[in-house]
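Listed below are the residues making up each chain.
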Amino acid sequence: MQFREAHGGKITAVTCGGETAEDMLRKALALRADEAVLVASPAAHPDPLFVAKTLAAAARKIGSFDVVLVGREAGDWGAGQTGGLLAEELGVPCISFAESFEPAPEASRVRVKRQTDSGWELLESATPLVVTITNHEHNVPRIPKTRDVMQSYRKPLTKWSLAELGIDPLAAHDYYEVADLFIPRKETRCEFISGDTLEAKIDAFAKRVTEVIHSI
């Protein structure tokens, strides 16, 4: 939305899922996306590769595009793989953890500000490409106006089936299966070294360290 307001363009919101996914697209229309497309999928928890293949097929059916924006990771499983897999399916570059992007001085290129563990990177890439966006404070969705919310339910919503895109619905979990989901537990123990003098404490500590090393 910020990019379009500054530089123009057209926004098409696309998602795959069940009936509840339509609510998210209506919200996108309320935020003044130009078009919305729902790929109806019965898969309750599809794997990232299935989602990437589905979105790639939808993008090809829509036609040409410059930039595909996706989130950094899902809010449920948090796999963080869809963006990279989508770029691979489309055969275009992918820039992850982007905070913002803007047109580059050269035509058909964009400049992306990317977050890293050691700071920020400023990258340039030709279009089309896929960009995964972080939840930076500049990227928090705005609150739609009441009038726009009401009008969003009057706007047309394109719906495609998996069959129309040539996607096999049985492929939602065709290459892996979730065996378990848990929060890892890390146990720690604290020991106090005793001794009448500093030298005695140092000797006791060295002896304890040696015992621990030998037990590994």
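Here, every reference points to the structure presented above.
Fair warning: this is a prediction, and the values are worked out from it, not measured in the lab.

Moving on: the overall build of the protein chain. Across its full length, the protein chain carries six helices and eight strands. When the helices and strands of the protein chain are read in sequence order from the N terminus, they spell out α-β-α-β-α-β-α-β-β-β-β-α-β-α. Radius of gyration (C-alpha) of the protein chain: 25 Å, far over the 17 Å computed for a compact globule of 216 residues. Projected onto the principal axes, the alpha-carbon positions of the protein chain cover approximately 80 × 45 × 40 Å.

Counting across every chain of the model gives one aromatic pair. We note Lys-61 situated over the ring of Trp-160; from NZ or CZ to the ring centre the distance is 5.2 Å. A cation over an aromatic ring shows up here: Lys-113 above the ring of Trp-120, its NZ or CZ 4.7 Å from the ring centre.

Here we come to unusual backbone geometry. Here the residue pair Thr-127 and Pro-128 is connected by a cis peptide bond, since its omega of 5° sits within 30 degrees of zero. For Pro-128, the location among the structural elements is in the loop between β6 (119–126) and β7 (129–133). One non-glycine residue, Phe-97, adopts positive backbone phi at about 55°. Mapping Phe-97 onto the fold places it in strand β4 (residues 94–103). Positive phi values are uncommon outside glycine, yet Ser-108 reaches one of about 60°.

In space, the three strands of this open sheet follow the order β1-β2-β8, with parallel pairing throughout. Strand pairing shows two members of the sheet lacking a second neighbour, β1 (12–17) and β8 (158–161), which therefore form its edges. Here the average twist between neighbouring strands, direction ignored, is 20°. Taken together, the four bridges between strand β2 (residues 35–40) and β8 define a ladder with parallel strand orientation.

Burial analysis of β7 places five of its five residues in the buried class, which makes it a mostly covered element. Both faces of β7 are covered, namely the face carrying Leu-129, Val-131 and Ile-133 and the face carrying Val-130 and Thr-132. One ladder, built from five bridges, connects strand β3 (residues 67–71) with β7; its direction is parallel. By the bridge assignment, Gly-71 is partnered in β7 with Ile-133. Here β4 runs beside β7; their pairing, made up of three bridges, is parallel.

About the criteria used
Residues numbered from 1 in each chain as written. Predicted model: local features only at pLDDT ≥ 70, side-chain atom pairs only at ≥ 80, totals over all residues. Heavy atoms only, no water. Helix = DSSP H or I, 4+ residues; strand = E, 2+ residues; numbered from the N terminus. Rg over C-alpha atoms; globule rule 2.2 N^0.38 Å. Phe/Tyr/Trp six-rings, centres within 6.5 Å; stacked < 30°, edge-to-face > 60°. Lys NZ or Arg CZ within 6 Å of the ring centre and 35° of its normal. Pairing = 2+ DSSP bridges. Axes fitted to C-alpha atoms, helices over the stretch in contact; angles between N-to-C directions. Buried < 20%, exposed > 50% of the residue type's maximum accessible area, 1.4 Å probe, protein only.

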